[in-house]
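Listed below, chain by chain, are the residues.
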Amino acid sequence: MKNTIKQVFHSGKFLVGFIIFVLILAICFIYPVFVTYDPLEMIGAGNFYKPGTYVSQEEAALNEGYTLNMDASESRLATALGVEELEKMQEYLIKYAGIAEKDIDVTDTEAIVELWQQNYNPDMKAKGLTSAKRKAYRRLDASIENAMKSSGVIIAEEDAESGELKEAKTIKGTGYVNTKDIVNKRTFILGTDNFGRDVLTELVAATKVSLRIGLIAGLIATAVGLILGLVAGYVGGVVDNIIMFLTNLFTVIPSFIILILISYSVGTNARGVMMVAFIIGLTSWPWTTRSVRSQVISLRNRDHVNLSKLSGHSMFRIIFTDILPYIASYVVMAMILQISSGILSEAQLSMIGLGPATTKVATLGLMMNWAMQYAAHLNGSWWAYFPVVIVIALISFSLNLMNTGLDQVFNPQLRD
Amino acid sequence: MKGYKKYYGQKLFWYLLTLIFAVILNFVLPRLMPGDPVSAIAARAVGGMTDSTAIQKVINDYVEKFGINKPMYQQFFMWLGNVLKGDFGVSFSQYPRPVSDIINSAVWWTVALQLPAIIVGWLLGNILGAIAAYIRGVFDKAILPFFLFVSNIPAFGMATILLFVFSIKLGIAPASGGYGYDLIPNVSWTFVKSVIGHYQLPFWSIVLITIGGQAIGMRSMSIYELNADYVKYSRFLGIKDSKIVGYVFRNAMLPQITGLALSLGTMIGGALVAEIIFSYPGLGTTLLTAVTGQDYPLLSACTLIITIMVLIANLVVELLYGVIDPRVKANQQD
Amino acid sequence: MGKVMLEVNHLKTKYVTRFHEDVYAVDDVSLKIEEGKSLGIAGESGCGKSTLALSLIGYYFAPLHYMSGDIIVDGVKISAMKPDEVRKKILGNEVAYIPQAAMNALNPTMKIIRFIEDVMKAHNIKMTKKEVYDMARERFADLGLPEDVLNKHAVELSGGMKQRTVIAISTILSPKVLIADEPSSALDVTSQKMVIRMMRELMEKGYIKSMIFITHELPLLYNVTDDIMVMYAGQIVERGTAKEMVFDPIHPYSKGLMGSIIVPESGVRDHKLTAIPGTPPNLKNPPKGCRFADRCKYATPTCSALAPDMKEFDNGRTYRCLMSVRKIREVYENGGSAEVETEFD
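Peer 1: I tried to follow the overall build of chain A on my own but got confused; where do I start?
Peer 2: When its secondary structure is counted, chain A shows 16 helices and six strands. In terms of overall dimensions, chain A is more spread out than a globule: its C-alpha atoms have a radius of gyration of 33 Å, far above the 22 Å expected for 416 residues. A principal-axis box enclosing the C-alpha atoms of chain A has dimensions of 105 × 55 × 45 Å. Put simply, chain A has 416 residues, and 44% of those count as buried. Taking as baseline every contact in chain A between residues at least 6 positions apart, the subset at least 24 positions apart corresponds to 73%. Approximately 21600 Å² of chain A is accessible, and the part contributed by carbon and sulfur atoms is 59%. Between the mean site of the 34 positive side-chain charges and the mean site of the 36 negative ones, chain A shows a separation of 13 Å.

If you want it as C-alpha cells, here you go:
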C-alpha cells in the first residue's frame, strides 16, 4: 500500500494534477478566512464593474492631495483618441484642410492634435461634408478640447441658509491623491457581476459548492456503478444481461437529455444544490458499471477466487476480500472522472436554466448562467465569465491528469 | 457475408429496442415527477400570465390532443400517435406556433452545425494525435499538455473564448445568431454569406474541443500500434516507412471510431450548450427558450428529437465500423 | 564447395535501452553459409540470438545500431549500402526474416493478398494485381496453403496457419538467405511439425538458397539444419556440423547446453539432463576475460583475465576457449562427468 502510494506520487502527471487540485481546494478554504465579506453581497449598484480598486470619489475630492508635476492631458488625450478618431482627424485634415498626407504622422498624437487645432474650422462648408459628418467632427473637437483642459475643477458647497453655491476647493490638473490616504475603498480583483457582487469572492464560494456537487455526484455514480458492475460481472447470466442492457441503453441515450428531463420535472421548488448533485449522480453511472463489470469478469475465474469459492466463502466475502481490492484502483480512477464530469454537468445544466434553483449560494454553472443572461459575453465583461471557465477547465484538467497518472501506474503497458 | 448480416441484424434490432425505451422514458419521466406536465400547464393558467386566453387555448389543445384526463397507458398511445404524426402540440412561449414548426426550423441548424464540426474535429484530432505519436520529442512534449488542457475546457467555455477574441476584440466575426438580425431567410447571396459568417465561431469552438480529446486518444493508440509486431515485420520485408505509418494509423483510428460512438451523446450535449452562447438558432437555444418560458411541449419535443438524433448517429457510426474493421467480422464468425 | 550465400565478418552491433544504456548483444560474430546449407544458432534466452537475427538482416533502426563488421550476401557487401538501398534491394528480396512472434506479425486489418501486393510494390516489381494474385496462389498451393487464405484478414486465421502464412509471405520473393527466429516455439506440436516440414520444403524446392534457424530448442536443430552454432553472451563459442555438435561438443558451454537437453536419438538419450548453474553476464559491461569463465567449472584464474579467440581445428570446426582441444577432451574424460550437478530425471 505504502509502496503503491509512493509510486503514484512518482508519476509526474499525477503529481501536477494533484498539486493543481490541492491548490484550488486550499484557496477555497483559505480565501474565506481572509476575506470575510458575504460572497453574494450585492455591493455594486450596476452591472459588471471593471476589475480594479474603487476609491470613494468624495473622499478623493476632499483629500488634501499632492501636487505632482505630471501633465495629465497627454495620457488623457491618448485615451480619448483611439485609432478610429485619429483616422478621422487625418481624413479631415487631408480632405478639408488641404494638408498633404506626408505631413501627417498618425502615430504622433501630439503633432496631429496641434495640426488639428491650427486647421479645424467648425463652420467649414465643403462638398461631401454632410451635416452628420460635421456634427461628428464637432464632437471630436469637443473631446479633444476636454482632454487638453488642465485648468482644474471647482468644487462648490451649497450654503445651508442662503442656498448659494460657495467655492470650497479647486482641483488642479496636477493634483493627485495617494490611494493609501483614502479609507473608503475596495478592490475587486475580478470586478463585479451583473448583480454587483464581487466576482472573486463569489467565484471562490461557487467553486466550493461545485466541488461539493461533483463529489456527491461522483460518489453516487461510483456507488451505483460499482454495485451494478459487481453484480453483473460476478453473478453473470440473466442478471448480467439485464444490467448490461440497461447500461448500454443509458450510454446511447445521452445522459444530458435524461438530466434535463428529470431536472425539469422535479420543478424549481425541489431543485436545490443537493438535488442537482443527486440527479447528476443518478444519471452518470453507466461508465463505471461498464469498466467494473469487465474487471470483475476477468477476475472471476482467477485461481484465488476459485480457491475461495471451493473453501465455501460467501459471495459477499469473496467480493470484499478477493475482488474489491483488485479493482480498487479502477474504482478510484472512475470516481475521479465522475467528479470532473459531475462539475461539468452541473455547469451545462445551469446554462440552460436547469441548475440549482437558488439565489442563496452560487455555483460555477449559475455564475456562467447569470453572466450569459446579462450578456456579459456580448458587452465585453470578460471578468464575469472567463475566470469561471478557467476554474472549470483547471479542475477537470487536474482531475484528468491525476487519472492518467494513476492509469500509467496501474496499467504499465500504457507507459510509453 | 453471413457474419456481416448477423452483425447488422443485431445492431438494428438493438437500436430499435433502445429507441422504444427512449420514447417511453421521454414520456414517463416527466410524468413520474411532482411537477408533471399537467400541473405545469395548470400552474401556468392559474398564474394569470399576460395572455390568459392564449394559455387557456393551449391547455385545451393539449388536453384534447394528449387526453390528459385519461389513464396513463391511453395517454401514452395518444401521445405516441400524435408524435408519429409529428404533432407535439402548440408552444406556450411562442403561441400559436406549433411545436413541430419550431423544432423543424431549429433541428437543421443544429445538424448543419454539429455534424460537420464533430467530423472535422474528429479527423483533425486524429491526424494531430498521429503526428504527435510519430514525431514524439519536443513537438509531442509541447503539444500534448496543451491539448490535454484544451480538451478540458468545456465547449461553452471555448465558445466564450472564441467569441471574446474574434468578435469582441478583433471584430472579425459576428457575435450571435445564425444570420444577420436584419435579414429574412432567403436564398440570396447576402443571406448565405451572413450564414457562413455566423457559422464560423460556433463551428470552430466545437471543432477545437473535439480535437483535444481525440488527439490524446489517437496519440496513445498510435504509440501502442507503432510498437506492434507487424510494424517490425513489415519493415523487414522492405515496405516503406510511409506505408507502414499508413497501416498503423488506420489500425489506431478504428478503435477511435468506437470511442466516438460512445462519447457522441456527451459531445452533442456539450455542443448544444455552446450553441446558447452564440444564440445560434438550433436546438440548444430552443432548449433554453423552452426552459425559461416554462414551455413543456417544446422541451419534451426537443429532448425526444435530440435523443433520436444521437441514436441515429450512433447507429451510423457502428454500422460504418462493421464495414471498416475486419476484426468485427471475425468476432461475429466465432 | 558451394557458392557462399552469406558471409559475416566481425559483426558488432548494440542496442540502446530505455534508460540510454548501450548493450553489446552481438560482439564480433563471423559466420559463413554456402548455397543449399542451413545453419542453426542455439543459446539460452538473453544470449543475443534474436539480436543477432536482426543484425544479420543489415537494416537497422532504433533501438538497434550497427557498429562495425561486414555482411556480404552472395558477393554483395550490404553493410556498406545506404539504408534505403538495403530496404529496396535486399530486404525480403535477398534476405528474408521470420519473426519470433509471428502471431502478431501480420497487420490484423489487412487482407493477406493486399499485403503481398505491398511487398511487391516496395521492391518496384511491376506486376498487375492479377499477376500478383496468380503468383501468390501458385506459391501458396505449392507450400500446401489453401488459396482462400489470400482473401482473409490475419485475424481470421488460426495460429499455425498464421505462422505458415508468414513464412510463405517472407519467402515469396525467393530470397537467398532466410533468417528464422524461433519460428515454431509458440505453436502446438502438430503446427510445429508442419512449420518444420515447410521450412525443409522451402529449401528442397529452391524457394530459399540458405537458411539460418535460431532457437533455444536444440533437438529441433539436430533435425533441421546442417550446421549448428552455439552463442553465448553475444559471441559465437562453437561451430560444427549438427552431428558433431550434439555428440561431441568441445566448448564447456556447448557441453553444458547439450547436456541440458534430450536429443531424441538412441545413444544420446542416456545423457543426463543437467542445468548450467549461474546466469549469463550483463552485456552492458561484458567481462574482460572469457565470458563464460564465471560459470565454467574448468575455469582457471587466467580465464577471467584473458579473452579467448576463435580457434579452428580439424575439418573447419571452430571453438572459443583458452584450452586446447586435446586438453579439453582430457578434462572431460578425467573429471568432467565426475562432477555432480543438479540432476533432473
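Peer 1: Would you explain unusual backbone geometry in this entry?
Peer 2: Glycine aside, residues mostly have negative phi angles, and peptide bonds mostly take the trans form. Residue and element names in this part refer to chain C. Backbone geometry at Asp28 places phi at a positive 60 degrees, although glycine is not the residue there. Along the chain, Asp28 falls in strand E2 (residues 22-34). For Asp28, a relative accessible area of 31% translates into the label partly exposed. At Asp74, a residue that is not glycine, the phi angle is positive and equals roughly 50 degrees. For Asp74, the position within the fold is in the loop between strand E4 (64-73) and strand E5 (76-77). Overall, the relative accessible area of 18% leaves Asp74 in the buried class.

Peer 1: Explanation requested: a nonpolar patch on the surface in the structure shown.
Peer 2: All names here are of chain A. A cluster of nonpolar side chains, namely Met1, Ile5, Phe9, Leu15, Ile19 and Leu23, defines an oily patch on the protein surface of about 590 Å² accessible area. Secondary-structure elements contributing two or more residues to the nonpolar patch are helix H1 (2-10) and helix H2 (12-34). The dominant element in the nonpolar patch, judged by the number of residues it contributes, is H2, at three residues. For Leu23, the location among the structural elements is in helix H2.

Peer 1: Help me understand a positive patch on the surface, please; the structure alone is not making it clear to me.
Peer 2: Residue and element names in this part refer to chain A. Judged by side-chain charge, Lys88, Lys135, Arg138 and Arg139 come together as a positively charged surface patch. It is helix H7 (residues 131-148) that contributes the most residues to the positive patch, three residues altogether. On the basis of relative accessible area, Arg138 is assigned to the partly exposed category, the value being 39%.

Peer 1: Could you clarify how one ought to interpret helix H1 (residues 49-57) of chain C in this entry?
Peer 2: Residue and element names in this part refer to chain C. Of all nine residues making up H1, eight are buried, and the element is well covered by its neighbours. Considered for burial, the residues of H1 that qualify are Lys49, Thr51, Leu52, Ala53, Leu54, Ser55, Leu56 and Ile57. Looking one or two residues beyond H1, the residue adopting positive phi is Gly58, at roughly 85 degrees.

Peer 1: What's the story with the environment of Ser304 of chain C in this structure? I'm lost.
Peer 2: Tracing the chain through its elements places Ser304 of chain C in helix H10 (residues 301-305). Residues within four places of Ser304 of chain C in sequence aside, it is in contact with Lys288, Gly289 and Ala293 of chain C.

Peer 1: Sorry, what's going on with the interface of chain C and chain B here?
Peer 2: It is common to give the size of an interface as the accessible area that goes away when the parts come together. Facing the 29 residues of chain C at the interface are 22 residues of chain B. Taken together, the two surfaces of chain C and chain B that pack against each other cover about 2300 Å², and 66% of this comes from carbon and sulfur. Among the residues of chain C in contact with chain B, Phe61, Arg87 and Thr109 of chain C are the three that bury the most area, contributing 24% of the side total. Linking chain C with chain B are one salt bridge. Across the pair Asp118 of chain C and Lys243 of chain B runs a salt bridge, and its minimum N-O distance is 3.3 Å. If you look at where chain C meets chain B, you find 10 residue pairs in polar contact (both at pLDDT 80 or more). Where the side of chain C that touches chain B is concerned, the elements lending two or more residues are H1, helix H3 (112-122) and helix H5 (159-170) of chain C. If one sorts the elements of the side of chain C that touches chain B by residue count, H3 of chain C sits on top with five residues. Of the residues in the side of chain C that touches chain B, the class split is 18 nonpolar, seven polar and four charged.

Rules used throughout
Residues numbered from 1 in each chain as written. Chains lettered and ligands numbered in written order. Predicted model: local features only at pLDDT ≥ 70, side-chain atom pairs only at ≥ 80, totals over all residues. Heavy atoms only, no water. Helix = DSSP H or I, 4+ residues; strand = E, 2+ residues; numbered from the N terminus. Rg over C-alpha atoms; globule rule 2.2 N^0.38 Å. Buried < 20%, exposed > 50% of the residue type's maximum accessible area, 1.4 Å probe, protein only. Contact = heavy atoms within 4.5 Å. Areas by Shrake-Rupley, 256 points an atom, 1.4 Å probe, with all protein chains shown as cover. Lys, Arg positive; Asp, Glu negative; His and termini not counted. Charge placed at Lys NZ, Arg CZ, Asp CG, Glu CD. Patch = residues over 30% accessible without salt bridge, like charges linked within 9 Å, V, L, I, M, F, W, Y side chains within 5 Å. Salt bridge = Lys/Arg side-chain N within 4 Å of Asp/Glu carboxyl O. Buried area = accessible area lost by both parts, 1.4 Å probe. Polar contact = N/O pair within 3.5 Å; in protein donor to acceptor, adjacent residues only side chain to side chain. Nonpolar A, V, L, I, M, F, W, Y, C, P; charged D, E, K, R; others polar.

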